[in-house]
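Structure assessment
Here is what each chain is made of, one letter per residue.
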Amino acid sequence: MDQPASKKPPPKHRRKRLSGIERSTAPGAIPGTLEPLAGAHAPVVTIVSYGPGGSTEHKFTTVEALGKLRGLKPVLWIDVSGLADATLIAELGKLFGLHALALEDVINVHQRPKVEEYKGHMFIVARMVHSEERTETEQFSCFLGRNFLLTFQERHGDCFGPVRERIRSARGRVCKLGPDYLCYALIDAMIDGYFPVLERYGEVLERLEDQVVESPRSSNVRDLHELKRELLLLRRAVWPHREMVNALIREENPVIEAQTRVYLRDCYDHTIQLMDIVETYREIASGLVDVHISSVSARLNEIMKVLTIIATIFIPLGFIASLYGMNFDTAASPWNMPELKWYLGYPFVLAVMGVIAGGLLWYFWRKGWLGGDRLGPR
């Protein structure tokens, strides 16, 4: 009986696609089709309603029960972590009057940061960074209305803990202002989350720079290539944030107050700083590759110089040794190596060979070929 073929175990770490595009709907599908990606996380819905008088956290039961919470507090924040339930997303879209194309962009998580305006609300897409074993980004989508903010995340776990804590403790401006300020606070938290990641990359670059200059190894090229690849992913995530935040600042919309646009300018400055840091790190990484190649070439030249000096020294010594190894008969002719009959012939030849070797070493030292500077004028 034939044994079933054993399945090959999956790789421990799968390299992330450079394009970041992974669509769930087939080409030519009806616009607005909601089909979750394979492996999407089950949704966890968090509901927070708050205002100047305090905040209340509600447990999600049904979409109909969620509709009854509208109007109880000035601001209603619904956070959905996990995009595996297309029915839930469609019902939320029906409850808040969201466009089907925007809901499709929520499901297909390859979107670049952008802002789209619809009747009565805005659709905003940003990218949140996660730095665990490998740096990855996930899509963050939100719908901003006059009195609600509906957010969607790919998976559980985010950087919004400080914002939630400010709402619970009624600290800061978040409880005094509308959902537009809450949207700003979340975007600001996401953008600030890039700085610790880039700080870690700066430390890696410093370590690689020391290795490349002091003791270059073949593994440095692989590490630098991997670093440049991850910096490219960060660049593709950071660069569109500038346009997205700039659109929120410049374009007039009734759901964003004028005072919130002032705070969004700070987010815009942070995106510019992030882009400068990413571009600087990419240039440094590219420069380190050139430094590694130059260091390896210089080290190879030093090795070849040492070997050439050794070979040059032994060329005359080999000539003398081979000359006295020809075994001519001294009895047949007085010209056949008469020095073989000398009493001190052997010490004399060794002394000549030592003088030649010492003279060559002194000459190389004078020229600066032995690591020291050349002495005296040329």
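The rules we used
- Residues numbered from 1 in each chain as written.
- Predicted model: local features only at pLDDT ≥ 70, side-chain atom pairs only at ≥ 80, totals over all residues.
- Heavy atoms only, no water.
- Helix = DSSP H or I, 4+ residues; strand = E, 2+ residues; numbered from the N terminus.
- Buried < 20%, exposed > 50% of the residue type's maximum accessible area, 1.4 Å probe, protein only.
- Contact = heavy atoms within 4.5 Å.
- Areas by Shrake-Rupley, 256 points an atom, 1.4 Å probe, with all protein chains shown as cover.
- Pairing = 2+ DSSP bridges.
- Axes fitted to C-alpha atoms, helices over the stretch in contact; angles between N-to-C directions.
- Patch = residues over 30% accessible without salt bridge, like charges linked within 9 Å, V, L, I, M, F, W, Y side chains within 5 Å.
- Salt bridge = Lys/Arg side-chain N within 4 Å of Asp/Glu carboxyl O.
- Phe/Tyr/Trp six-rings, centres within 6.5 Å; stacked < 30°, edge-to-face > 60°.
- Lys NZ or Arg CZ within 6 Å of the ring centre and 35° of its normal.
- Lys, Arg positive; Asp, Glu negative; His and termini not counted.
- Charge placed at Lys NZ, Arg CZ, Asp CG, Glu CD.
- pLDDT = per-residue confidence, 0-100.
- Arc of directions from axis to C-beta.
- Core = buried A, V, L, I, M, F, W, Y, C linked by side-chain atoms within 4.5 Å.
- Parallel < 35°, antiparallel > 145°, perpendicular 65-115°, else oblique.
- Left-handed = near helix turned anticlockwise from the far one by under 90°.
- Nonpolar A, V, L, I, M, F, W, Y, C, P; charged D, E, K, R; others polar.

Quick look at the overall build of the protein chain now. Helix and strand counts for the protein chain come out as nine helices and seven strands. Counting over 378 residues, the protein chain shows a buried share of 39%. For the protein chain, long-range pairs separated by at least 24 residues make up 67% of all intrachain contacts whose partners lie at least 6 apart in sequence. Roughly 21900 Å² of accessible area belongs to the protein chain as shown, and the carbon and sulfur atoms make up 57% of that amount.

So, about the sheet that holds strand E1 (residues 44–51). Pairing between the strands of a sheet comes from backbone hydrogen bonds, and it takes one of two forms, parallel or antiparallel. What the seven strands build is an open sheet, ordered E2-E1-E3-E7-E6-E5-E4; its pairing is mixed. Of all the strands in the sheet, just strand E2 (54–59) and strand E4 (114–118) have a single pairing partner and so form its edges. Here the strands of the sheet are splayed against their neighbours by 20° on average, with no regard to which way each runs. Of the strands in this sheet, E1, strand E3 (75–81) and strand E7 (148–153) touch helix H2 (residues 86–96), which is tilted by about 160° from E7. Against the sheet, helix H3 (residues 100–107) engages E4, strand E5 (121–131), strand E6 (135–145) and E7, with an angle of about 160° to E6.

Right, let's talk about a nonpolar patch on the surface for a bit. A surface patch of nonpolar side chains, about 670 Å² in accessible area, is lined by Leu 300, Ile 303, Met 304, Val 306, Leu 307, Ile 310 and Phe 314. Mapped onto the elements, Ile 310 comes out in helix H8 (residues 258–323).

Moving on: the packing of aromatic side chains. The tally for this structure, following the rule as stated, stands at nine aromatic pairs. Clustering of aromatic rings is evident, with ring pairs tying together Phe 123, Phe 143 and Phe 152. Above the face of the Tyr 201 ring, Arg 200 is positioned so that its terminal group lies 4.9 Å from the ring centre. Taking the ring centre of Trp 239 as reference, the NZ or CZ of Arg 242 above it sits at 4.9 Å.

Now for the pattern of salt bridges. Considering all chains together, one arrives at 12 salt bridges under this definition. Two residues, Lys 114 and Asp 105, come together in a salt bridge whose shortest N-O distance is 2.9 Å. Across this residue pair, the class does not change: Lys 114 and Asp 105 are buried. Of the charged contacts, one joins Arg 235 and Glu 279 as a salt bridge, the two residues approaching to 2.4 Å between their closest N and O atoms. Pair noted here: Arg 235 is in helix H7 (residues 218–250) and Glu 279 is in helix H8, with a separation of 44 residues, a long-range link. Overlapping salt bridges bring together Glu 57, Glu 165 and Arg 168 as one network.

Taken together, the side chains of Glu 199, Glu 203, Glu 206, Glu 209, Asp 210 and Glu 214 present a region of like negative charge at the surface. Tracing the sequence through the fold places Glu 203 in helix H6 (residues 194–214).

With that out of the way, let us pick up the confidence of the model for the protein chain. When the pLDDT values of the protein chain are averaged, the result is 82; 88% of them are 70 or greater. Every residue in residues 1–15 scores below 50 in pLDDT, and together they form three contacts with partners more than four places removed in sequence or on other chains. Across residues 373–378 the pLDDT falls below 50, and counting only partners more than four positions away or on other chains, this stretch makes seven contacts in the model.

Another aspect to go through is helix H4 (residues 161–169). Every buried residue of H4 is listed here: Val 163, Arg 164 and Ile 167. The arc that holds every buried residue of H4, seen down its axis, measures 100°, which confines them to one face. Against E1, E2, E3, E7 and helix H5 (179–192) lie the buried residues of H4. Following H4 by one or two positions, Ala 170 has its phi on the positive side, about 55°.

In globular proteins that are soluble, nonpolar side chains generally tend to be buried together. Ranked by internal contacts, the top residues of the largest apolar core, which has 58 residues, are Ile 167, Leu 182, Ile 187 and Leu 248. A total of 11 residues in this core trace back to one element, the largest contributor, which is H7. Apart from residues lying up to four places away in sequence, Ile 187 is in contact with Ile 124, Met 244, Leu 248 and Cys 267. With 26 residues, the next largest nonpolar core counts Val 45, Val 63, Leu 98 and Phe 152 among its residues.

A separate point is the environment of Glu 91. Here Glu 91 lies in helix H2. Separated by 29 residues in the primary sequence, Glu 91 and Thr 62 place their C-alpha atoms 9.7 Å from one another.

Contact pair H6 / H8: the axes reach a minimum separation of 10 Å and the direction vectors enclose 15°. Between H6 and H8, the interaxial angle falls into the category roughly parallel. H6 and H8 meet at a crossing whose hand is left-handed. Of the residues in H8, those touching H6 at Tyr 194, Phe 195, Leu 198, Tyr 201, Gly 202, Leu 205, Leu 208, Glu 209, Val 212 and Val 213 are His 270, Gln 273, Leu 274, Ile 277, Val 278, Tyr 281, Ile 284, Ala 285, Leu 288, Val 291, His 292 and Ser 295. Its residues assigned to classes, the contact of H6 with H8 shows 16 nonpolar, five polar and one charged.

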